[in-house]
Amino acid sequence: MKNLYLDCGMGAAGDMLAAALLELVPQKEDFLRRFAALGIPGVEAKAEPSVKCGITGTHFSVSVHGQEETSQDVHNHEHGHDHEHSHDHEHSHDHEHVHDHTHSHAHEHSHAHTHGHEHRNLHDVYAIIDRLDTNEHVKNLARKMFLIVAEAESKAHGLPIEQVHFHEVGAIDSIIDIVSTAVCVDNLGVDEVVVSPLAEGRGYVRCQHGVIPVPVPATANIAAAYDLEFRFTENDGEMVTPTGAAIAAALSTGKKLPTGCRIRKTGMGAGNKEFRQANVLRAMLLEEEETSEPRLIEKPSGMWVLETNLDD
């Protein structure tokens, strides 16, 4: 069996997951080019090298007409979650990343929008996914991931799911993260996906409506609905985004790693945040051993090998 292990010991965000999985697939540049088939003008996805605590990984970022959603964008447009918690584990934005959240701007559009950006509801997002030039398995997986986010935001804001809206740049950003992940998982053809406990920070983050606790409500809703295991750390700020939690929830099929396996490939998805630990999400492609019985290692005749583990 082929297993995928998602090591979320330093949090989980959409871009980190997409970046880690891109490292596992062959010819990742071909994958990036495929997203032009979404039919959204001006969308550019980049996968660039990044180093965290001496570990080399891939950093994934998305822009729409050269714009990457910023804290200032969210503040000016009154879009719900102005997370000033330095989402450095997301895209390579020095502006304290917010756009992986796709946090629903559950404002029912009661205020006047003076900007030119669209807002999209879940139906609009599905229409974009449907235009993707890929198979139905990928589309269904992407729809499932976005539905998980929308349901969590709907519950958080106390609104019907059809009234949950996403700011254009944030929505496209998360669509690309989610679709990238779905395409990669489909390409890898894994039998099981095991997700580690998700490391989360502590404290509070500021949004347009005030100060909210970590994990943010949408992330907490996803964790409760899909039985995700969290481990809280001493790090200040948010480490698990709603998109990251939704991807983990949608992909997880197993609770335990195989007792015997071989590591075939490892991918590192790098974020921006600077912790004492490396800000990376690790994806490991594992090949499960056929039997749990001890495996005999054949050696040339006349040679014996005795191995053991000793303490100090």
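Residues numbered from 1 in each chain as written. Predicted model: local features only at pLDDT ≥ 70, side-chain atom pairs only at ≥ 80, totals over all residues. Heavy atoms only, no water.

## Here's the deal with the overall build of the protein
A tally of regular secondary structure across the protein gives eight helices and 12 strands. Here the protein holds 312 residues, and the buried ones make up 55% of them. In the protein, the proportion of contacts linking residues at least 24 apart, taken out of those at least 6 apart, comes to 75%. Carbon and sulfur atoms provide 48% of the accessible area of the protein, an area that totals close to 14700 Å². (Helix = DSSP H or I, 4+ residues; strand = E, 2+ residues; numbered from the N terminus. Buried < 20%, exposed > 50% of the residue type's maximum accessible area, 1.4 Å probe, protein only. Contact = heavy atoms within 4.5 Å. Areas by Shrake-Rupley, 256 points an atom, 1.4 Å probe, with all protein chains shown as cover.)

## Points about the environment of Ile175
Residue position: Ile175 is located in helix α6 (residues 168–188). Note: C-alpha distance between Ile175 and Phe146 (29 residues apart in sequence) is 7.8 Å.

## Some details on the nonpolar core
Residues Leu4, Leu6, Leu21, Phe60 and Leu198 are the most contacted members of the largest nonpolar core, which totals 69 residues. Per-element accounting of this core gives the leading share, 11 residues, to α6. Among all residues touching Leu4, those that are not within four sequence positions of it are Leu21, Leu24, Val185, Val190, Glu192, Val193, Val194, Ala283 and Met284. (Core = buried A, V, L, I, M, F, W, Y, C linked by side-chain atoms within 4.5 Å.)

## Side note on the pattern of salt bridges
A complete count under the given rule lists seven salt bridges for this structure. In this structure, the salt-bridge partner of Lys139 is Glu136, at a minimum N-O distance of 3.7 Å. Linking Lys139 with Glu136, this pair stays in helix α5 (residues 136–157), spanning three residues, or about one helical turn. Members of the salt-bridge network, linked through shared partners, are Asp130, Glu136, Lys139 and Arg143. (Salt bridge = Lys/Arg side-chain N within 4 Å of Asp/Glu carboxyl O.)

## Some words on helix α1 (residues 14–22)
For α1, a buried count of nine out of nine residues is recorded, marking the element as mostly surrounded by other parts of the structure. Inspection of α1 places Gly14, Asp15, Met16, Leu17, Ala18, Ala19, Ala20, Leu21 and Leu22 among the buried residues, and these make up the whole buried set.

## Examining the environment of Phe232
Tracing the sequence through the fold places Phe232 in strand β10 (residues 230–236). Here Phe232 falls in the exposed class, since its relative accessible area comes to 53%. Setting aside residues up to four positions removed in sequence, Phe232 forms contacts with Glu200, Gly201 and Pro215.

## Focus on the packing of α5 against helix α8 (residues 242–251)
When two helices pack together, you describe them by how their axes are tilted relative to each other and by the distance separating the axes. Relative to each other, α5 and α8 sit at 130°, their axes nearing to 9 Å. Our classification of the angle between α5 and α8 gives oblique. Crossing angle aside, the handedness with which α5 passes α8 is right-handed. Side by side, α5 and α8 meet where Leu141, Lys144, Met145, Ile148, Val149 and Glu153 of the first sit next to Pro242, Thr243, Ala246, Ile247, Ala249, Ala250 and Leu251 of the second. Class assignment for the residues of the contact of α5 with α8 results in 10 nonpolar, one polar and two charged. (Axes fitted to C-alpha atoms, helices over the stretch in contact; angles between N-to-C directions. Parallel < 35°, antiparallel > 145°, perpendicular 65-115°, else oblique. Left-handed = near helix turned anticlockwise from the far one by under 90°. Nonpolar A, V, L, I, M, F, W, Y, C, P; charged D, E, K, R; others polar.)

## Quick notes on the environment of Val205
Residue position: Val205 is located in strand β8 (residues 204–207). With relative accessibility at 2%, the residue Val205 sits in the buried group. Spatially, the C-alpha atoms of Val205 and Glu238 are 7.5 Å apart, while their sequence positions differ by 33 residues.

## Some thoughts on the packing of aromatic side chains
If you walk through the whole model with that rule in mind, you get one aromatic pair. Between Phe230 and Phe232 the ring centres are 6.2 Å apart and the planes differ by 45°, which places this aromatic pair in the tilted class. (Phe/Tyr/Trp six-rings, centres within 6.5 Å; stacked < 30°, edge-to-face > 60°.)

## Points about the pairing of strand β3 (residues 55–64)
In terms of burial, β3 is largely enclosed, as eight of its 10 residues are buried. Two elements, strand β2 (residues 43–52) and β3, share 10 bridges in a ladder whose sense is antiparallel. Along β3, the bridge assignment pairs Ala45 with Val62. Following β2, the chain reverses through two residues before pairing antiparallel with β3; Cys53 in that reversal takes a positive phi of roughly 50°. (Pairing = 2+ DSSP bridges.)

## Here we look at unusual backbone geometry
Note the cis peptide between Val214 and Pro215, where omega equals 0°. Its place among the elements puts Pro215 in the loop between β9 (210–213) and α7 (217–226). One non-glycine residue with positive phi stands out, namely Asp227, at about 55°. Mapped onto the fold, Asp227 is located in the loop between α7 and β10. By relative accessible area, Asp227 is classed as exposed at 56%.

That's the geometry; what it means functionally is another story.
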